[in-house]
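# Observations on the three-dimensional arrangement
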Amino acid sequence: MQRVLLVNHDTGMHSDLDLLFKENNYANFVIDDVRSGNEALKKIVNGAYDILLLNLMIPDTDMLGLIGKLKHLRPDLPVLTFSLVMEYTFIKRYLTSGVNGYCFYKQEETAEILKAIRTIVSGKWYISPEMVELIVEDALYGKKTDRLDALTEREFEVFSHLVKDETPAVIAEILSVHTSTVALYKSRIMDKLRITNLVEMKNMMKVPSMA
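Figured I'd write up the structure that's included with this text. Fair warning: this is a prediction, and the values are worked out from it, not measured in the lab. (Residues numbered from 1 in each chain as written. Predicted model: local features only at pLDDT ≥ 70, side-chain atom pairs only at ≥ 80, totals over all residues. Heavy atoms only, no water.)

In terms of nonpolar packing, the biggest core is built from 49 residues, with Leu52, Leu54 and Phe159 touching the most fellow members. Beyond its immediate chain neighbours, meaning those up to four positions away, Phe159 contacts Thr89, Phe90, Leu148, Leu151, Ile189, Leu193, Met201 and Met205. (Core = buried A, V, L, I, M, F, W, Y, C linked by side-chain atoms within 4.5 Å. Buried < 20%, exposed > 50% of the residue type's maximum accessible area, 1.4 Å probe, protein only. Contact = heavy atoms within 4.5 Å.)

The next thing to look at is a nonpolar patch on the surface. Among the surface-exposed residues, Val132, Val136 and Leu140 lie close enough to one another that they form a single nonpolar patch of about 250 Å² accessible area. Looking at the element boundaries, Val132 is found in helix α6 (residues 129-141). (Patch = residues over 30% accessible without salt bridge, like charges linked within 9 Å, V, L, I, M, F, W, Y side chains within 5 Å. Areas by Shrake-Rupley, 256 points an atom, 1.4 Å probe, with all protein chains shown as cover. Salt bridge = Lys/Arg side-chain N within 4 Å of Asp/Glu carboxyl O. Helix = DSSP H or I, 4+ residues; strand = E, 2+ residues; numbered from the N terminus.)

It is worth spelling out the pairing of strand β5 (residues 101-104) at this point. Burial along β5 is two-sided: the face carrying Gly101 and Cys103 and the face carrying Tyr102 and Phe104 are both buried. Pairing geometry for strand β4 (residues 79-83) and β5, over 4 bridges, is parallel. Opposite Leu80, over in β5, you have Gly101 as the bridge partner. Each parallel crossover has a hand, and the one from β4 via helix α4 (residues 88-94) to β5 is right-handed. As paired elements, β5 and strand β6 (residues 126-127) share 2 bridges and run parallel to each other. Note on β6: the bridge partner recorded for Gly101 is Tyr126. Each parallel crossover has a hand, and the one from β5 via helix α5 (residues 111-121) to β6 is left-handed. (Pairing = 2+ DSSP bridges. Right-handed = clockwise from strand over helix to strand, strands pointing away.)

Summarising the element assignment, Leu53 is placed in strand β3 (residues 51-55). A C-alpha to C-alpha distance of 16 Å links Leu53 and Tyr26, two positions 27 residues apart in sequence. Leave out the neighbours within four places in its chain, and Leu53 touches Val4, Leu5, Leu6, Val7, Leu17, Leu80, Phe82 and Ile117.

The subject of this paragraph is the layout of surface pockets. Volume-wise, the second largest pocket comes out at about 320 Å³. If you trace the second largest pocket, you find 14 residues lining it, with Asn38, Thr61, Asp62, Lys69 and Ile174 closest to the centre. Those elements that place two or more of their residues in the lining of the second largest pocket are α2 (37-46), α3 (63-73) and α8 (168-175). In terms of residue class, the lining of the second largest pocket is built from 4 nonpolar, 6 polar and 4 charged. (1 Å grid on protein atoms, 1.4 Å probe; cavity = no way out; pocket = protein on both sides within 12 Å on 5 of 7 lines; lining within 4 Å. Points joined across faces, edges and corners; volume = space filled by probe spheres on them. Nonpolar A, V, L, I, M, F, W, Y, C, P; charged D, E, K, R; others polar.)

Attention shifts here to the side chain of Arg74. Residue placement: Arg74 occurs in the loop between α3 and β4. Here Asp76 takes part through its side chain, which lies 3.0 Å from a polar atom of the side chain of Arg74. Residue contacts for Arg74: discarding those within four places in its chain leaves Ile44, Gly47, Ala48 and Tyr49. (Polar contact = N/O pair within 3.5 Å; in protein donor to acceptor, adjacent residues only side chain to side chain.)

Now for the packing of aromatic side chains. Counting across every chain of the model gives 7 aromatic pairs. Arranged with centres 6.5 Å apart and planes meeting at 45°, the rings of Phe90 and Tyr94 form a pair that is tilted. On the criterion of helical spacing, the pair formed by Phe90 and Tyr94 is a turn pair, its members being 4 residues apart in helix α4. Residue Phe90 shares its accessibility class with Tyr94, and that shared class is buried. For the pair Phe156 and Phe159, a centre-to-centre distance of 5.9 Å together with 35° between the ring planes defines the contact as tilted. (Phe/Tyr/Trp six-rings, centres within 6.5 Å; stacked < 30°, edge-to-face > 60°.)

Okay, structure coming up:
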């Protein structure tokens, strides 16, 4: 039996995956699901799982911090990240945080996540073709060094919340720091990215193109 822990704020995905497993003769896959990172940490401490599926777009979550804690508690646990929105800038960074792959989860084409799960459970890496294409385009056609690479892990996490228009108070609560600390990080981010406002920061989220 293969035990799957699904970390996702959308409860409907559990039934979709369960149906997908049954339709493809994967009756040995059993899904357990939680809706937050804290619940996931408790689950993997108290239970044995073969793979963890993590939605990168869970709101109000220190995602890099969560991935670090998950890998610290269970370094042997394969982690497949996924999202319904292709946020290239974020995902590229998350792929270097210790996870085992990324799947662009399309509700009308759910079969890909089954392939991703099967690949990662077998001990291999998996990255969605759409993400691979963007990585190649970025490498071949990017004319400038990615300034985001200069950000530390914590600075990047603050950046990821700022571009979502979350307030310093909300970010401070998510990251368990003081609002003054968030302000300091914001200042450092602006300096490193050589920008002066949030509009310029959001423009950095654009997906690379071949043009």
